[in-house]
Amino acid sequence: MLNNKNKLTPILNQIMQRNVGEKEFHQAVHEVLGSLSPVITRHPEYADDALIERLCEPERQIIFRIPWIDDNGQVCVNRGFRVQFNSALGPCKGGLRFHPSVNLGIIKFLGFEQIFKNALTGMPLGGGKGGADFDPRGRSAREIMRFCQSFMSELHRHIGEYTDVPAGDIGVGGREIGYMFGQFKRLTNRYETGVITGKDLLHGGSHARTEATGYGAVYFFERMLATRGHSLEGQRAIVSGSGNVAIYTIQKLISLGVKVIACSDSNGFIVDEAGIDIDLVRKIKEQHRSRISEYAKLKGSSVKYVADRSIWDVPCTIAIPSATQNELTDDDARTLVKNGLIALGEGANMPCTPEAVHIFQEAGVLFAPGKAVNAGGVATSALEMQQNASRERWTFEETENNLSKIMHNIHDLCYETAEKYDMPGNYISGANIAGFIRVAEAMQALGVV
Ligand code: NDP
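Because the structure is a prediction, the values reported are computed rather than measured.

J.: I'd like a description of a nonpolar patch on the surface, backed by residues and values.
T.: Nonpolar side chains collect at one region of the surface, where Ile69, Val75 and Val77 lie side by side and expose about 290 Å² of accessible area between them. For Val77, the position within the fold is in strand β2 (residues 75-86).

Spelled out as structure tokens, the structure:
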């Protein structure tokens with residue numbers, strides 16, 4: 001938490017006043033600035049020339065209309081966003097989210113987090129994020145295509161290989177990226193593969209990009225457990241969500257000897273004490289785009305489907321929340337600690353409330369934040385950009401090897417930075433400080449821009 005006496009407090013207050021009602025953005029800024037006072041004490045020059053104020057103000061925020069026609073011939077209107085938050089280290093980079101909850105504050109929180117996450121990868125990437133308040137659930141493939149085309153009809157003027165490179169996020173997977181890349185190509189008459197990542201292999205995508213966030217999370221987690229002499233083998237895990245991040249986290253955990261017993265979607269969760277059958281989850285979610293309740297229907301009475309409780313009531317030793325922000329509350333944290341949790345890594349962006357994080361830290365649970373744990377997705381997007389620029393295609397194994405090295409480096413950087421600043425084992429401070437230093441130095445070297 002922020003020390004009231006330090007010089008960051010007035011900056012934080014000013015940010016709250018200038019960004020009224022953007023509660024997720026406030027939460028993210030509070031968390032990052034809350035870690036910075038030891039760095040500013042050692043390096044007061046990082047606060048010179050209003051560097052922190054500039055860091056918390058996006059370079060550019062674009063809000064636009066997305067008109068499109070549904071299958072009944074009705075005109076629908078959604079709102080689109082792209083926030084180009086900081087390009088000191090490279091072109092802005094961050095995903096697009098299609099979900100009815102999307103608003104400017106959520107996109108700003110995600111874009112702000114992305115700056116530090118991208119810095120932690122050590123790659124030349126700035127931070128940004130975008131999306132729309134469009135709900136893809138229940139929409140036909142044709143409707144999704146028309147929506148993506150209309151979205152890109154505006155977005156294409158603001159992005160580019162050297163400016164801003166979007167990717168997927170909640171509600172945006174390979175299919176949607178394909179529709180958007182198709183529309184970009186049509187509008188610009190350029191086969192500019194470096195303009196978007198998460199493409200399929202036919203259009204310059206990278207092997208392992210689909211798996212990268214989930215696999216990367218597990219590589220990080222494994223290394224974190226090892227710092228206390230634990231291993232993954234034999235652990236009992238819960239992974240919330242059943243989308244891209246959750247599916248490939250579960251798949252990798254299972255391959256390393258973990259029993260994953262529960263996962264969820266926004267309607268409810270399943271508990272399979274025999275261990276989740278990940279191929280069945282993939283079939284239900286990726287092929288049939290159906291609800292997780294289907295899993296219980298197909299498996300019969302050995303599986304419980306629960307719609308009126310929290311998934312975190314189920315006892316486990318490790319947890320990787322991988323659905324959405326603030327999905328895990330203080331009550332959930334208390335229950336998890338009581339039930340014997342030893343470690344939690346955030347697969348999603350900011351899935352734990354600040355109160356929940358505090359409870360984990362007080363209880364001595366190993367805890368790592370999303371900006372470190374889920375950085376494998378953007379890191380592999382950077383590998384996709386490298387392959388596009390050199391017109392190469394690496395094998396799955398080469399790409400996954402690169403990913404695992406990057407995740408181990410991110411882990412070690414966070415761990416060592418926390419030690420260096422006298423907060424051993426505090427991955428939140430380690431990630432925020434290490435990411436901040438890299439961005440601050442890049443910003444300083446560019447002058448006041
Ligand atoms: P997907 O759209 O593939 O899956 C999201 C999952 O979370 C779905 O199971 C969805 O259920 C569930 N979910 C979404 N909103 C809610 C909600 N309000 N309450 C409960 N469950 C919800 O998204 P991703 O897997 O790509 O993203 C998950 C998280 O990981 C997000 O925080 C994202 O920002 C983060 N992330 C993703 C990366 C990537 O490479 N994809 C990279 C880094 C971070 P339902 O189908 O019912 O909506």
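Right, picking up where we left off after that structure.
J.: Just give me the short version of helix α1 (residues 8-18), but keep the residues and values in it.
T.: Considered for burial, the residues of α1 that qualify are Leu8, Thr9, Ile11, Leu12 and Ile15. Projected down its long axis, α1 carries its buried residues within an arc of 160°, all on one side. Exposed side chains of α1 directed beyond 90 degrees from the buried face belong to Pro10, Gln17 and Arg18. Close packing links the buried residues of α1 with α2 (23-42) and α3 (51-55).

J.: Got a sec to walk through the site of the ligand? Specific residues and values, please.
T.: In the vicinity of the ligand, 25 residues are found, and the nearest of them are Asp169, Thr213, Ser266, Arg291 and Asn349. At a separation of 3.2 Å, an oxygen atom of the ligand approaches a polar side-chain atom of Arg209. Here Asn244 contributes a backbone N or O atom positioned 2.9 Å from an oxygen atom of the ligand. Taking 900 Å² as the accessible area of the ligand by itself, protein coverage stands at 83%. Breaking the shell around the ligand down by element, the ones donating at least two residues are α7 (209-226), α8 (244-255) and β7 (259-265). Tallied by class, residues from the shell around the ligand come to four nonpolar, 14 polar and seven charged.

J.: Give a description of the environment of Phe151 that names residues and reports values.
T.: As for its placement among the helices and strands, Phe151 is situated in helix α5 (residues 141-155). The buried category is assigned to Phe151, whose relative accessible area is 0%. Considering only alpha carbons, one finds Phe151 and Met180, 29 residues apart in sequence, at a separation of 7.8 Å. If sequence neighbours within four positions are ignored, Phe151 has contacts with Phe64, Ile66, Gly80, Phe81, Leu96, Phe98, Gly131, Ala132 and Met180.

J.: Account for the confidence of the model for the protein, naming residues and giving values.
T.: Looking at the protein as a whole, the pLDDT averages 97, with 99% of positions reaching at least 70. Contacts for the low-pLDDT stretch residues 1-5, under 50 throughout, to residues beyond four places or in other chains number 10 contacts.

J.: Which residues make up the packing of helix α15 (residues 396-420) against helix α16 (residues 427-445), and what values do they have?
T.: For the pair α15 and α16, interaxial distance at closest approach is 7 Å and the crossing angle is 100°. When the axes of α15 and α16 are compared, the pair comes out roughly perpendicular. Side by side, α15 and α16 meet where His411, Leu413, Cys414, Tyr415, Thr417 and Ala418 of the first sit next to Tyr427, Gly430, Ala431, Ile433 and Ala434 of the second. Partitioning the contact of α15 with α16 into residue classes produces eight nonpolar, three polar and no charged.

J.: Break down the environment of Asn374 for me, with residues and values.
T.: Summarising the element assignment, Asn374 is placed in the loop between α13 (370-373) and α14 (376-390). Placed 17 residues apart in sequence, Asn374 and Val357 show a C-alpha to C-alpha distance of 17 Å. With sequence-adjacent residues up to four places away left out, Asn374 is seen in contact with Lys117, Thr213, Glu346, Gly347, Ala348 and Asn349. Only 3.0 Å separates the side chain of Asn374 from the backbone oxygen of Gly347, close enough to count as a polar contact. Here the side chain of Asn374 touches Asn349 through a polar contact of 3.1 Å, side chain to side chain.

J.: Describe in detail the pairing of β2, supporting the description with residues and values.
T.: Among the 12 residues in β2, nine count as buried, and that is most of the element. By the bridge criterion, 10 bridges tie strand β1 (residues 60-69) to β2 in an arrangement that is antiparallel. Note that in β2 the partner of Gln61 across the bridge is Val83. Connecting β1 to the antiparallel partner β2 that follows it, the hairpin turn spans five residues, and Gly73 within it adopts a positive phi of roughly 85°. As defined by bridge partners, β2 adjoins strand β4 (residues 127-132) across six bridges and the pair is classed as antiparallel. Bridging from a neighbouring strand, Arg82 pairs with Gly130 of β4.

J.: An account of the nonpolar core is needed here, citing residue identities and associated values.
T.: In this structure, Phe220, Leu253 and Ile410 are the most contacted members of the largest nonpolar core, which totals 56 residues. At nine residues, the largest contribution of residues to this core is made by α7. Among the nonpolar cores identified, the runner-up in size contains 42 residues, and Ile11, Leu104, Phe112 and Met350 belong to it.

J.: Which residues make up unusual backbone geometry, and what are the values?
T.: Unusually for a residue other than glycine, Asn326 sits at a positive phi of about 55°. Of note, Asn326 is situated in the loop between β10 (318-320) and α11 (330-338). The exposure class assigned to Asn326 is partly exposed, which follows from its relative accessible area of 27%. Here Arg391, not a glycine, exhibits a phi torsion of approximately 55°, which is positive. With respect to the helices and strands, Arg391 occurs in the loop between α14 and α15.

J.: Pulling in residues and values, what's your account of the sheet that holds strand β12 (residues 366-368)?
T.: The strand order β9-β8-β7-β6-β10-β11-β12 describes an open sheet built from seven strands, whose pairing is mixed. The sheet is open, and its two borders are formed by β9 (303-306) and β12, each paired with just one other strand. Across the sheet, the mean angle separating the axes of adjacent strands is 15° when strand polarity is ignored. The strands that α8 touches are β6 (236-239), β7 and β10; relative to β6, the one it contacts most, it runs at about 170°.

J.: So, helix α12 (residues 354-362): which residues are in play, and what are the values?
T.: Among the residues of α12, those classed as buried are Ala356, Val357, Ile359 and Phe360. The arc that holds the buried residues of α12, viewed along the axis, is 160°, so those residues lie on one side. On its buried face, α12 is in contact with α11, β11 (343-345), β12 and α16. After α12 finishes, the residue Gly364 shows a positive phi value of roughly 75°.

Scoring rules and cut-offs
- Residue indices follow the written sequence of each chain, beginning from 1 at its first position.
- Given that this is a predicted model, residues contribute local features only at a pLDDT of at least 70 and side-chain atom pairs are listed and counted only at 80 or more, while totals for whole chains, interfaces and linings are drawn from all residues.
- In computing side-chain values, all of the structure's heavy atoms are included and hydrogens and water are not.
- By definition, no residue in a patch forms a salt bridge, and every one has over 30% relative accessible area; like charges are joined within 9 Å, nonpolar side chains (Val, Leu, Ile, Met, Phe, Trp, Tyr) within 5 Å.
- Surface accessibility in these figures is a Shrake-Rupley result with a 1.4 Å probe; residues are shielded only by whichever protein chains are displayed.
- Here a salt bridge means any side-chain nitrogen of Lys or Arg lying within 4 Å of a carboxyl oxygen belonging to Asp or Glu.
- To qualify as a helix, a DSSP run of H or I must reach at least 4 residues; to qualify as a strand, a run of E must reach at least 2; elements of each kind are numbered from the N terminus.
- Partly exposed residues are those whose accessible area sits between 20% and 50% of the maximum for their type, while under 20% is buried and over 50% is exposed, using a 1.4 Å probe and protein chains only.
- What the arc covers is the set of directions going from the helix axis to the C-beta atoms.
- Contact definition: two residues touch when any of their heavy atoms are within 4.5 Å.
- For this description, a residue counts as near a given molecule or strand if any of its non-hydrogen atoms is within 4 Å of it.
- The definition of a polar contact used here is a pair of N or O atoms within 3.5 Å, where within protein one atom must be able to donate a hydrogen and the other to accept one, and adjacent residues in sequence count solely through side-chain atom pairs.
- Polar here means any residue outside two lists: the nonpolar Ala, Val, Leu, Ile, Met, Phe, Trp, Tyr, Cys and Pro, and the charged Asp, Glu, Lys and Arg; Gly therefore counts as polar.
- Per residue, pLDDT captures the predictor's confidence, and it can take any value from 0 to 100.
- To obtain an axis, a line is fitted to C-alpha atoms, over the contacting stretch when the element is a helix, and the angle between two such axes runs from 0 to 180 degrees between their N-to-C directions.
- By the definition adopted for this analysis, an angle is roughly parallel if under 35 degrees, roughly antiparallel if over 145, roughly perpendicular if from 65 to 115, and oblique otherwise.
- At least two bridges found by DSSP between two strands are what make those strands a pair.
- As used in this record, nonpolar core signifies buried Ala, Val, Leu, Ile, Met, Phe, Trp, Tyr and Cys residues forming a set joined through side-chain atoms within 4.5 Å.

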